[in-house]
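What the coordinates show
Letter by letter, the chains look like this.
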Amino acid sequence: MTIDWNVERIAIVGVGLIGGSLARALKAACAVTEVIGIGRNEPNLRRAVELGVIDRFATDVEAGVDGADIVVIATPVGAMQELCGRIAPVLGRDSVVTDVGSVKRAPVEAARAAFGDNFTRFVPGHPVAGTEKSGVEASFAELYRQRTVILTPDPETDPAAVQRITDMWYTTGARVTTMTFGDHDRILATTSHLPHMLAFALVDFVASSNDADAHFELAAGGFYDFTRIASSDPVMWRDISLANADELGAKLRQFADHLQKVTRAVEDGDGAWLQRAFGNARRARTDALVQRERCDSKK
Ligand code: NAP
């Protein structure tokens, strides 16, 4: 979809993989005149300027967001409550705030508490795109192309603000869908948060064994394919796990029950059960990928 969207000044709080990639994509589309990067770490922000990702930076949040048309909070979720509290008093009259957090209930609650009447101008978002890498060096303009961005606006959210953020994401090449934050956190608990827990837990399990080095040395490609996402940022995933503890805890329990069935089948030598379960899994994964490719080719 081609969108003629542009904005004068955008402030990105947290110039890492996600914030940096958004800045790069908007610049590549000539959709923004000035990008201000905000963070705690001056050398990172200087590097972001050198890379052409941002035009200037601030380590003071209030100074950085002042005068921005759009403010994007792209930090780990655990930092968002404090950041919303700092942004709220300096938010411009027509500015819109959005976030990119991988959970949605916590940012919505933080924004509701901090923004008061201006909560209507907070558009919660989550680009379902990323890699296991972190930091501005890992950012790239094409990250969002043909990927889905989920917005979880509240019934109170100003439709014009939602449209502005929807068009911003269209400009990066993404497709945009909306749902409630409850549905988002429930579904992503299964498809994103649970796999990360499994990958982290498996590698931690192997690393804790007495002969971990021998295990890692002899591990085949499948081990590294399966655990790629265990190279993701620990702080980010700590925050996601804590912020979606109810949904994720429930999924982990359900999955542990399922794993018990697999354990029993292995111990009982129930080959028929195992073959059926593996066959179901292979079929479901193949069908899902075919469906996805079909959707991508229609874009
Ligand atoms: P990242 O590469 O580590 O970048 C996060 C940035 O936030 C860092 O550059 C850091 O810079 C800054 N930051 C951290 N704490 C801060 C604070 N208290 N105040 C101001 N800046 C702070 O992480 P990311 O992968 O871009 O993830 C950012 C957000 O996107 C997270 O909420 C995550 O849930 C979400 N997300 C991630 C992915 C993914 O695959 N990675 C996908 C979708 C959504 P300084 O050290 O300079 O402060």
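Along every chain, residues carry numbers that run from 1 in the direction the sequence is written. In view of the model being predicted, local features appear only for residues whose pLDDT reaches at least 70, and side-chain atom pairs are presented and counted only at 80 or more, with totals across whole chains, interfaces and linings using the full set of residues. Neither water nor hydrogens contribute to the side-chain values; these are computed over all heavy atoms in the structure.

So, the sheet that holds strand β7 (residues 125-128)
At least two bridges found by DSSP between two strands are what make those strands a pair. Where helices and strands are cited, they refer to DSSP runs of H or I of at least four residues and of E of at least two residues respectively, numbered from the N terminus. Reading across the sheet, the three strands line up as β7-β8-β9 and stay open at both edges, with mixed pairing between neighbours. Of all strands in the sheet, those with a lone pairing partner are β7 and β9 (175-178), marking the two edges. Strand-to-strand twist in this sheet, taken as the mean axis angle between neighbours without regard to direction, amounts to 25°. With four bridges joining them, strand β8 (residues 148-151) and β9 adopt parallel strand pairing. Axis lines are fitted to C-alpha atoms, over the contacting stretch for helices. Their N-to-C directions set the angle, which ranges from 0 to 180 degrees.

Some details on the packing of aromatic side chains
The description of two aromatic rings rests on the distance between their centres and on the angle between their planes. The aromatic pairing rule takes the rings of Phe, Tyr and Trp, using the six-membered ring of Trp, and pairs them if the centres are within 6.5 Å, calling planes under 30 degrees apart stacked, those over 60 edge-to-face and the rest tilted. In the structure shown here, the tally under the stated rule is five aromatic pairs. Their ring planes at 25° and their centres at 6.5 Å tell us that Phe119 and Phe122 sit as a pair that is stacked. Look at Phe119 and you get buried, because its relative accessible area is 2%. Every member of this aromatic cluster is reached through a ring pair, and the members are Phe115, Phe119 and Phe122. The classification of residues rests on relative accessible area computed with a 1.4 Å probe and restricted to protein chains. Under 20% of the type maximum is buried, over 50% is exposed, and intermediate values are partly exposed.

Description of the site of the ligand
Lining the immediate surroundings of the ligand are 27 residues, of which Ile18, Arg40, Thr75, Ser102 and Gly135 lie closest. N or O atoms within 3.5 Å of each other form a polar contact, as long as, within protein, one can give a hydrogen and the other can take it, and as long as residues adjacent in sequence are counted only when both atoms are side-chain atoms. At a separation of 2.9 Å, an oxygen atom of the ligand approaches a polar backbone atom of Leu17. Asn41 is positioned such that a nitrogen or oxygen atom in its backbone is 3.1 Å from an oxygen atom of the ligand. Only the protein chains shown count as cover for residues, and all accessible areas are computed by the Shrake-Rupley method using a 1.4 Å probe. For the ligand, the accessible surface in isolation is 880 Å², of which the surrounding protein chains cover 88%. For each residue, the test is whether any non-hydrogen atom lies within 4 Å of the molecule or strand; if one does, the residue is near.

What about unusual backbone geometry?
A negative phi angle characterises most non-glycine residues, just as the trans form characterises most peptide bonds. Within the chain, Cys30 stands out as a residue other than glycine whose phi angle is a positive 50°. Relative to the helices and strands, Cys30 resides in the loop between α1 (17-28) and β2 (32-38). A residue is classified by how much of its surface remains accessible, and Cys30, at 67% relative accessible area, is exposed. The phi dihedral of Gln146 falls on the positive side, at around 60°, and the residue is not glycine. By secondary structure assignment, the location of Gln146 is in the loop between β7 and β8.

Some remarks on the nonpolar core
Think of a nonpolar core as a cluster: buried Ala, Val, Leu, Ile, Met, Phe, Trp, Tyr and Cys residues, connected wherever their side-chain atoms sit within 4.5 Å. Counting 38 residues, the largest nonpolar core has Ile10, Met168 and Trp169 as the members making the most contacts within it. Looking at this core element by element, the count peaks at six residues for helix α6 (residues 159-171). Dropping the residues within four chain positions of it, Trp169 is found in contact with Leu22, Val100, Pro127, Tyr144, Val149, Leu151, Ala174 and Val176. Ala68, Ile73, Val108 and Leu248 belong to the second largest nonpolar core, which has 30 residues in total. In what follows, residue pairs with any heavy atoms lying within 4.5 Å of each other are defined as contacts.

Overview of the pattern of salt bridges
Take a side-chain nitrogen of Lys or Arg and a carboxyl oxygen of Asp or Glu: if they are within 4 Å of each other, that pair is a salt bridge. Applying the stated criterion across every chain yields a total of 16 salt bridges. In this structure, Glu82 engages Arg86 in a salt bridge whose closest nitrogen and oxygen atoms are separated by 3.4 Å. Residue Glu82 and its partner Arg86 are located together in helix α4 (residues 80-87), separated by four residues, close to a single helical turn. You can call Arg86 partly exposed: its relative accessible area is 27%. Put simply, Asp60, Glu62, Glu82 and Arg86 are held in one network by salt bridges that share partners.

Observations regarding the domain arrangement of the protein chain
Where interface size is given, it is often the accessible area lost as the parts come together that is meant. Domain limits in this description derive from either an automatic procedure or a database domain assignment. Domain assignment breaks the protein chain into domain 1 (7-179) and domain 2 (184-268). Look at where the C-alpha atoms of domain 1 and domain 2 centre, and you get two points 29 Å apart. Opposite the 15 residues of domain 1 that make contact, domain 2 presents 15 residues. Overall, the association of domain 1 and domain 2 removes approximately 1,200 Å² of surface from exposure, summing both partners, and the carbon and sulfur fraction of that is 66%. Here's the idea: put two parts together, see how much 1.4 Å probe accessible area each one loses, and the total over both is what we call buried area. If you sort the residues of domain 1 by the area they bury against domain 2, Ser102, Val103 and Glu132 come out on top, with a joint share of 44%. For the pair domain 1 and domain 2, the number of links is one salt bridge. Measuring nitrogen to oxygen at the nearest pair gives 2.7 Å for the salt bridge that ties Arg228 to Glu132. Joining domain 1 to domain 2, the criterion identifies six residue pairs in polar contact (both at pLDDT 80 or more). Residue classes follow a fixed rule: Ala, Val, Leu, Ile, Met, Phe, Trp, Tyr, Cys and Pro count as nonpolar, while Asp, Glu, Lys and Arg count as charged, and any other residue, Gly among them, counts as polar. Partitioned by chemical class, the residues of the side of domain 1 that touches domain 2 number seven nonpolar, five polar and three charged.

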